[in-house]
Amino acid sequence: MPYIDQKIATYLRKNIVFPFYWKYIKHSKVLNCYKVLRDHQWNTLEENKKNQRKKLYSLITYASQNIPYYQRIVKEQNLRFSEDTIFEDIKKFPLLTKDVIRNNFDELYKFKDHTYYRNSSGGSTGEPVIFYQDSNYFAWNTAAKILFDEWAGRKIGEPMVKLWGSMQDILGGGQDFKGYLRQQLSGVITLGSTRMTEKGMYEYVQRINHIKPRLILAYANCIGEFAHFIHNHDLPIYSPKAIMTSACVLYPEIRVRIEDVFHATVFNRYGSREVGDIACNCEKSSGLHLIPDIHYLEIIDKNEKEANKGERGEIIITVLTNYTMPLIRYKIGDRGILSNKDCKCGHGLPLLEKVEGRTVGHFKNKRGDIVSGGFFLTILLFRKNIKQFQIIQETIDYISINLVLIDRTKLKDMDKDFKEINQIIRKAMGNDTKIKYNIVNEIKPSPSGKYFYSFSKIMS
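Residues numbered from 1 in each chain as written. Predicted model: local features only at pLDDT ≥ 70, side-chain atom pairs only at ≥ 80, totals over all residues. Heavy atoms only, no water.

*Asks:* In this structure, what is going on with the pairing of strand β6 (residues 242-246)? I would like to understand it.
*Replies:* In summary, the side chains of a regular strand alternate between the two faces of the sheet. Of all 5 residues making up β6, 5 are buried, and the element is well covered by its neighbours. Going residue by residue along β6, you find Ala 242, Met 244 and Ser 246 tucked away on one face and Ile 243 and Thr 245 tucked away on the opposite face as well. Alignment of strand β5 (residues 215-219) against β6, held across 5 bridges, turns out to be parallel. Along β6, the bridge assignment pairs Tyr 219 with Ser 246. Crossover handedness for the path β5 to helix α11 (residues 220-232) to β6: right-handed. In the classification by handedness, the crossover that spans β6, the intervening helix α12 (residues 252-262) and the parallel strand β7 (residues 265-272) is right-handed. (Buried < 20%, exposed > 50% of the residue type's maximum accessible area, 1.4 Å probe, protein only. Helix = DSSP H or I, 4+ residues; strand = E, 2+ residues; numbered from the N terminus. Pairing = 2+ DSSP bridges. Right-handed = clockwise from strand over helix to strand, strands pointing away.)

What follows is the structure in structure tokens.
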């Protein structure tokens, strides 16, 4: 809203534009869902689990009676379930992988009304998977975003900048007049981060200083690179109330860099296109609070058995709000740890201790050990002449490293760095591991706009 005082603009967005838009233009129950989430966050954990049990049972019952794929699974495996035992009964259902979805797509959905729409996974690690979602799913997912923004200190209508890499979201967020109008009415300005050029980053610094956003929402890797650029060029940058990262793993080293440059607290939001926003940390903890009204989350070990709290494993998600195409025990492709601790914030919400990133971001050595992608970040991140890097496990004993250098003329001076890097990698991956360095002009992000520091071809 140009030429209007920011406080007045925020008031108008929150009290007039936002309610009118969602109720009368979109005919959505976003506000009602938000009020439920806002209230339920202060329930006891037992109360929220009780609500979750009912929602999970309702979803499983509907899917087993209406969705051909689940009708067949229930009949073939003679599955039985009840509301009282649903948390145990759901473990009888097979995992839903991307390949299962591709091979059984036409049996996995049923249109209840005309509010369905198509979406897809980001395709960061291969071929994207198509999903159908509906207005109920959309309302709950949007409500979760509002709640998470509120945890980070941004109220409805206050200015926010999105440093975003998804072309789908960018094109829907402000490239034409309709998108521009949507940005002004919502207070959310989207800055594309698919290609982070020096010229573009200079412009983004100026825009952020002008907009003075309450919150900056960004891909973790993009805001990390942006912070590095600001630091190296000693640029003045407006300090928002908070930075919220999403879409990629927020490594501790990246978090510290962002907070040092922006002088703002970093919040970490976890989610995906397939299942929506899953969890976010609050101001009292770096652990991520789950929302029992929207998802049921499991952590399983390598034998597909339930992992104990505090133990790492694969994240399995059941979406409780999308009846058009139910995703039951969906293998999202990430690894994480459920916390066995209580958060000081008082929220009656389960806590995810950490998300360790995509399975393909981890490497496997000949001994069968899994080496975290964060391990490689720590040994490459702060090298003086390295501007950008990507490490790829080509085979079990062959690693290639793509490097963008600050100054190519100093390549010979990096022999000591390379020897040290090789030594550390071989300690983790095996002494006979082959390592090849490729000096490149740029490292392009994936089609989804995400940038992977590490990628394993044998884990994909």
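*Asks:* Would you explain the pairing of strand β17 (residues 398-405) in this entry?
*Replies:* Taking burial as the measure, the 8 residues of β17 include 7 buried ones, the bulk of the element. Pairing of strand β16 (residues 386-395) with β17 involves 8 bridges; the strand directions are antiparallel. If you follow Gln 388 over to β17, its bridge partner there is Val 404. Between β16 and β17, which pair antiparallel and follow one another directly, the connecting turn spans 2 residues. With helix α14 (residues 415-429) bridging β17 and its parallel neighbour strand β18 (residues 434-439), the resulting β-α-β unit is right-handed.

*Asks:* Quick question: what am I supposed to make of the side chain of Ser 246 here?
*Replies:* With respect to the helices and strands, the residue Ser 246 is situated in strand β6. Of the residues examined, Ser 246 reaches a relative accessible area of 5% and is grouped as buried. The residues contacting Ser 246, other than those within four sequence positions of it, are Trp 164, Leu 217, Ala 218, Tyr 219, Ala 220 and Arg 269. (Contact = heavy atoms within 4.5 Å.)

*Asks:* Would you explain the pattern of salt bridges in this entry?
*Replies:* Opposite charge on two side chains permits pairing when their charged atoms draw close. Applying the stated criterion across every chain, the model contains 20 salt bridges. Asp 277 is paired through a salt bridge with Lys 145; the nearest N and O atoms lie 2.7 Å apart. Taken as a pair, Asp 277 in strand β8 (residues 276-280) and Lys 145 in helix α7 (residues 135-151) lie far apart in primary sequence, 132 residues in all. Exposure remark for Asp 277: the relative accessible area of 5% places this residue in the buried category. Ionic pairing is found between Lys 366 and Asp 432, a salt bridge with its closest N-O pair at 2.9 Å. Highlighted residues: Lys 366 in the loop between β14 (363-364) and β15 (370-371) and Asp 432 in the loop between α14 and β18, separated in sequence by 66 residues. When salt bridges that share partners are traced, they join Glu 88, Lys 91 and Glu 306 into one network. (Salt bridge = Lys/Arg side-chain N within 4 Å of Asp/Glu carboxyl O.)

*Asks:* Any chance you could explain a nonpolar patch on the surface here in plain terms?
*Replies:* On the surface, a cluster of nonpolar side chains totalling about 410 Å² of accessible area is made up of Phe 20, Tyr 21, Tyr 24 and Ile 25. Note on placement: Tyr 21 falls in helix α1 (residues 6-25). (Patch = residues over 30% accessible without salt bridge, like charges linked within 9 Å, V, L, I, M, F, W, Y side chains within 5 Å. Areas by Shrake-Rupley, 256 points an atom, 1.4 Å probe, with all protein chains shown as cover.)

*Asks:* What is the right way to read the packing of aromatic side chains from this model?
*Replies:* By convention here, two paired aromatic rings are described through the distance between centres and the angle between planes. Within this structure, the stated rule accounts for 23 aromatic pairs. Look at Tyr 117 and Phe 138: their rings are 6.5 Å apart centre to centre, the planes differ by 90°, and that puts the pair in the edge-to-face class. Taken as a pair, Tyr 117 in strand β1 (residues 117-120) and Phe 138 in helix α7 lie far apart in primary sequence, 21 residues in all. Exposure remark for Tyr 117: the relative accessible area of 27% places this residue in the partly exposed category. Every member of this aromatic cluster is reached through a ring pair, and the members are Phe 18, Tyr 21, Trp 22, Tyr 117 and Phe 138. Over the ring of Tyr 62 we find Lys 112, and its NZ or CZ is 5.2 Å from the ring centre. (Phe/Tyr/Trp six-rings, centres within 6.5 Å; stacked < 30°, edge-to-face > 60°. Lys NZ or Arg CZ within 6 Å of the ring centre and 35° of its normal.)

*Asks:* Explain the nonpolar core here, please?
*Replies:* Where a protein is soluble and globular, its nonpolar side chains tend to be buried together. In this structure, Ile 223, Phe 226, Ile 258, Phe 262, Ile 401 and Ile 425 are the most contacted members of the largest nonpolar core, which totals 81 residues. Among the elements that make up this core, the one with the highest residue count is α7 (8 residues). Within the second largest apolar cluster, 47 residues are counted, among which are Ile 60, Leu 297, Ile 315 and Ile 317. (Core = buried A, V, L, I, M, F, W, Y, C linked by side-chain atoms within 4.5 Å.)

*Asks:* Could you clarify how one ought to interpret the sheet that holds β17 in this entry?
*Replies:* Within a sheet, each strand pairs with its neighbour through backbone hydrogen bonds, oriented either parallel or antiparallel. Strand order across the open sheet formed by 4 strands is β18-β17-β16-β19, with mixed pairing between neighbours. Unpaired on one side and paired on the other, β18 and β19 (454-456) mark the two borders of the sheet. Neighbour to neighbour, the strand axes of the sheet diverge by 15° on average, direction disregarded. Each of β16, β17 and β18 is contacted by α14, which is oriented at about 140° to β18, the strand it contacts most. (Axes fitted to C-alpha atoms, helices over the stretch in contact; angles between N-to-C directions.)

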